[in-house]
Amino acid sequence: MSAQGKNKNRHSNRRKRHVVGKEEKYRQERDKSDKEESEPEEEWPLPFTVAMWDLEQCDPKKCSGRKLARHGLIRTLKLGNRFPGLVLTPVGTKCVSPQDKSIIEESGCAVVDCSWARLDDTPFNRMKTPNPRLLPFLVAANPINYGKPCQLSCVEAIAATLIITGFSEEAHFYLSKFSWGHSFLELNSELLESYAACTTSEEIIAAQDKFLDKARQERKDRLAMPDFPPSESESESESEVEEAKADEARSTAVMAEKADSAVNESLQKATQQACKELLSRLEPIKEELGGSPSWQELVLTAHAKDIDLCASFMFTTQQELKSYPVYGVTVAEVEVDMLSGQHQVRRVDIIEDTGLSLSPDIDVGQIEGAFVMGMGMWTMENLIYDSETGALENYRTWNYKVPGAKDIPMDFRVSFRRNSSNPLGVLRSKSTGEPPLCMSCSIPIAIRDALNSARAESGNHDLWYQLDNTITPEKILLNSLTTVDTMVL
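First, a word on what this report is: a plain description of the structure on this page. Treat the numbers as computed from the prediction; the structure is a model and nothing was measured.

**So, the overall build of the protein**
Here is step 1: Summing up its helical and strand segments, the protein has 15 helices and eight strands in all.
Here is step 2: Within the protein, the fraction of its 489 residues that count as buried is 36%.
Here is step 3: Counting only carbon and sulfur atoms, one obtains 52% of the accessible surface of the protein, whose full area is about 30,300 Å².

**Some words on the nonpolar core**
Here is step 1: Val50, Leu68, Leu138, Ile158, Tyr174, Phe184 and Tyr195 are the most contacted members of the largest nonpolar core, which has 45 residues in total.
Here is step 2: In terms of residue count, helix α5 (residues 154-164) provides more of this core than any other element does, nine residues in total.
Here is step 3: Excluding residues that lie within four positions of it along the chain, Phe184 makes contacts with Leu138, Val139, Ala141, Leu152, Glu156, Ala160, Leu175 and Leu192.

**So, a nonpolar patch on the surface**
Here is step 1: Nonpolar side chains collect at one region of the surface, where Val329, Val331 and Ile351 lie side by side and expose about 270 Å² of accessible area between them.
Here is step 2: Locating Val331 in the fold gives a position in strand β6 (residues 328-336).
Here is step 3: Overall, Val331 belongs to the exposed group, its relative accessible area being 54%.

**A few points about the packing of α5 against helix α8 (residues 189-196)**
Here is step 1: Put simply, α5 and α8 touch, their axes get as near as 8 Å, and they point 45° apart. If you check the angle between α5 and α8, you find them oblique. Of α8, the residues touching α5 (which contributes Ala160, Ile163 and Ile164) are Leu192, Tyr195 and Ala196.
Here is step 2: Each residue belonging to the contact of α5 with α8 can be placed in one class, and the counts come to six nonpolar, no polar and no charged.

**A look at the sheet that holds strand β7 (residues 343-352)**
Here is step 1: Spatial ordering of the open sheet is given by β6-β7-β8, a layout of three strands whose pairing is mixed. The open sheet has two edge strands, β6 and β8 (411-416), and neither has a second partner. Strand-to-strand twist of the sheet, defined as the mean angle between neighbouring strand axes without regard to direction, takes the value 10°.
Here is step 2: Pairing between β7 and β8: six bridges, direction parallel. Bridge pairing links Asp349 to Arg413 in β8.

**Considerations on the environment of Ser107**
Here is step 1: Assignment of secondary structure puts Ser107 in helix α4 (residues 101-107).
Here is step 2: On the basis of relative accessibility, which here comes to 24%, the residue Ser107 falls in the partly exposed class.
Here is step 3: For the pair Ser107 and Phe83, spaced 24 residues apart in sequence, the C-alpha to C-alpha distance is 8.2 Å.
Here is step 4: Sequence-distant contacts of Ser107, that is, excluding residues within four places in its chain, are made with Phe83, Pro84 and Gly85.

**Some remarks on helix α14 (residues 442-457)**
Here is step 1: Between its first and last C-alpha, α14 extends 23 Å over 16 residues, near the 22 Å set by a 1.5 Å rise per residue.
Here is step 2: Structurally, α14 contributes buried residues whose contacts are with β6, β7, α12 (360-379), α13 (434-439) and α15 (473-479).
Here is step 3: Positioned one or two residues after α14, Gly459 has a phi angle of 95°, which is positive.

**What to know about the sheet that holds strand β5 (residues 131-133)**
Here is step 1: Ordered in space as β2-β1-β4-β3-β5, the five strands form an open sheet in which the pairing is parallel. Each edge of the open sheet carries a strand with a single partner, namely β2 (75-77) and β5. The sheet shows a mean angle of 30° between the axes of neighbouring strands, taken without regard to direction.
Here is step 2: Here strand β3 (residues 86-88) runs beside strand β4 (residues 109-113); their pairing, made up of three bridges, is parallel. Bridge pairing in β4 places Val87 opposite Ala110.

**A short note on the packing of aromatic side chains**
Here is step 1: Scanning all chains against the criterion turns up five aromatic pairs.
Here is step 2: Between the aromatic rings of Phe48 and Phe167, the centroid separation amounts to 5.0 Å while the plane-to-plane angle is 65°, which identifies the pairing as edge-to-face. With Phe48 in the loop between α2 (22-36) and β1 (50-54) and Phe167 in the loop between α5 and α6 (168-175), the pair connects residues that are 119 residues apart, well separated along the chain.
Here is step 3: Judged by centre distance (5.2 Å) and plane angle (45°), the rings of Phe178 and Trp180 are tilted.
Here is step 4: Among the residues examined, Trp180 registers a relative accessible area of 14% and is labelled buried.

**Considerations on α8**
Here is step 1: Among all positions in α8, only Leu191, Leu192 and Tyr195 are buried. Each buried residue of α8 lies within a common arc of 95° when the element is viewed along its axis, so the set occupies one face.

**So, the pairing of β1**
Here is step 1: Among the five residues in β1, five count as buried, and that is most of the element.
Here is step 2: Here β1 shows no split at all, with Val50, Met52 and Asp54 on one side and Ala51 and Trp53 on the other all buried.
Here is step 3: Sheet topology note: the β1/β4 ladder contains five bridges and is parallel. Bridge pairing in β4 links Met52 to Val111.
Here is step 4: Bridge analysis of β1 against β2 gives three bridges, and the strand direction is parallel. Residue pairing across strands places Ala51 opposite Arg75, the latter belonging to β2.
Here is step 5: Assessed by its sense of winding, the connection that carries the chain from β1 through helix α3 (residues 64-70) to β2 is right-handed.

**A few points about unusual backbone geometry**
Negative phi values dominate among residues other than glycine, just as trans dominates among peptide bonds.
Here is step 1: Thr470 follows Asn469 through a cis peptide bond whose omega is 10°.
Here is step 2: In this structure, Asp306 takes a positive phi of about 60° despite not being glycine.
Here is step 3: One can find Asp306 in the loop between α11 (295-304) and β6.
Here is step 4: Accessibility expressed as a relative area gives 71% for Asp306, which makes it exposed.
Here is step 5: Phi is positive for Leu481, close to 60°, though the residue is something other than glycine.
Here is step 6: For Leu481, the location among the structural elements is in the segment after α15.

Calculation rules
Residues numbered from 1 in each chain as written. Predicted model: local features only at pLDDT ≥ 70, side-chain atom pairs only at ≥ 80, totals over all residues. Heavy atoms only, no water. Helix = DSSP H or I, 4+ residues; strand = E, 2+ residues; numbered from the N terminus. Buried < 20%, exposed > 50% of the residue type's maximum accessible area, 1.4 Å probe, protein only. Areas by Shrake-Rupley, 256 points an atom, 1.4 Å probe, with all protein chains shown as cover. Core = buried A, V, L, I, M, F, W, Y, C linked by side-chain atoms within 4.5 Å. Contact = heavy atoms within 4.5 Å. Patch = residues over 30% accessible without salt bridge, like charges linked within 9 Å, V, L, I, M, F, W, Y side chains within 5 Å. Salt bridge = Lys/Arg side-chain N within 4 Å of Asp/Glu carboxyl O. Axes fitted to C-alpha atoms, helices over the stretch in contact; angles between N-to-C directions. Parallel < 35°, antiparallel > 145°, perpendicular 65-115°, else oblique. Nonpolar A, V, L, I, M, F, W, Y, C, P; charged D, E, K, R; others polar. Pairing = 2+ DSSP bridges. Expected span 1.5 Å × (residues − 1). Phe/Tyr/Trp six-rings, centres within 6.5 Å; stacked < 30°, edge-to-face > 60°. Arc of directions from axis to C-beta. Right-handed = clockwise from strand over helix to strand, strands pointing away.

Next up, the structure:
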């Protein structure tokens with residue numbers, strides 16, 4: 001037999017490849033998820049039907065509609081099926097209201113289980129109903145879209161509809177199947193209560209608009225608040241010149257940090273403008289290629305047509321950066337040794353409003369670093385000047401100390417304010433450097449509280465005593481009133 005014949009037989013005996021399409025792969029994953037997380041069906045808790053069209057666009061392990069189906073709490077409809085009850089759909093023209101209670105009692109309610117990112121691909125025309133409805137403004141609490149307005153999951157949409165139409169207990173029952181279900185009720189308690197008190201769709205829209213107007217006004221009021229209170233006096237006495245030099249150095253550090261954020265935001269704004277310029281150059285090429293080419297195809301075509309793919313933008317003083325407030329809360333626990341003046345920062349908890357964080361890991365590092373920098377400014381980096389010449393004496397590491405690895409808080413916890421956004425910042429973010437630097441003043445305040453306690457034990461109850469920054473171990477020891485007599489057992 002020739003070599004060609006052998007190769008032919010070998011290829012004919014080779015096992016055929018089985019290519020799994022996306023839809024089949026989704027069904028396999030869904031079935032596998034159902035088997036692994038199979039849950040006992042429960043008795044139908046409602047006197048009416050709850051159904052959904054499952055378009056298989058979501059992760060089956062995270063889909064709230066599929067979890068309800070595993071519990072036997074929702075019926076799955078096929079495309080083309082007509083549902084006689086109320087249907088929550090983006091193509092609805094009327095808002096859900098308490099007037100729809102009779103429709104739900106007689107024919108039930110249904111939702112469309114699809115991905116918010118693929119609404120344009122969803123065949124809403126194949127999901128027919130005489131009662132299409134929209135939900136009013138609500139905030140999602142599900143882990144996928146937490147804090148996003150209107151992007152509710154299936155169970156959130158069902159629960160909201162039931163509460164508005166007077167089936168509050170049933171709504172709580174459905175949400176109880178999810179560990180985060182209570183968060184949806186907490187986030188939207190005011191809205192749901194006001195919607196349920198309405199009668200018609202028009203009243204619900206009015207309640208929605210009233211709430212949004214109030215929220216917009218509160219945001220304007222917050223943005224109008226000054227970052228710092230105005231100073232009462234700018235005068236300085238001659239006797240405080242030396243301390244003023246140290247304060248000036250500390251203020252310079254704070255202003256440098258503030259200027260650094262202004263520079264960063266200016267760079268970000270300039271980058272955005274440069275990107276807009278590039279997009280405007282690429283727009284004709286995009287239309288020429290059919291409207292939705294891949295990025296690689298778009299760039300290669302633009303390069304072939306000699307289109308400049310480099311853009312620059314100069315951010316000048318003519319483009320004003322709008323200020324915005326950044327809020328934060330700090331709790332610090334400091335242990336002070338009154339025999340030596342040494343102290344340890346045992347624990348620090350910081351909550352900061354970072355807006356919509358662009359990089360949480362980087363922001364946590366910024367907050368921790370700025371706070372430790374402030375700790376050094378308040379407790380270690382004491383500037384000593386020559387009384388005659390005014391020259392700085394401790395200008396090297398031998399006598400000027402900065403925080404080290406063993407000076408950071410023993411237990412350091414940083415968290416962000418949830419559900420925050422900054423419409424004036426780049427991609428709704430906020431600066432993170434200055435607030436923790438300012439909040440590091442909690443350390444000297446805690447040290448003073450410890451000194452107050454020690455002085456009280458020594459019999460001194462004076463509310464005021466001079467304790468200037470920087471609060472070094474020497475100053476702590478001298479103000480602790482520790483004497484030999486207090487050490488007698």
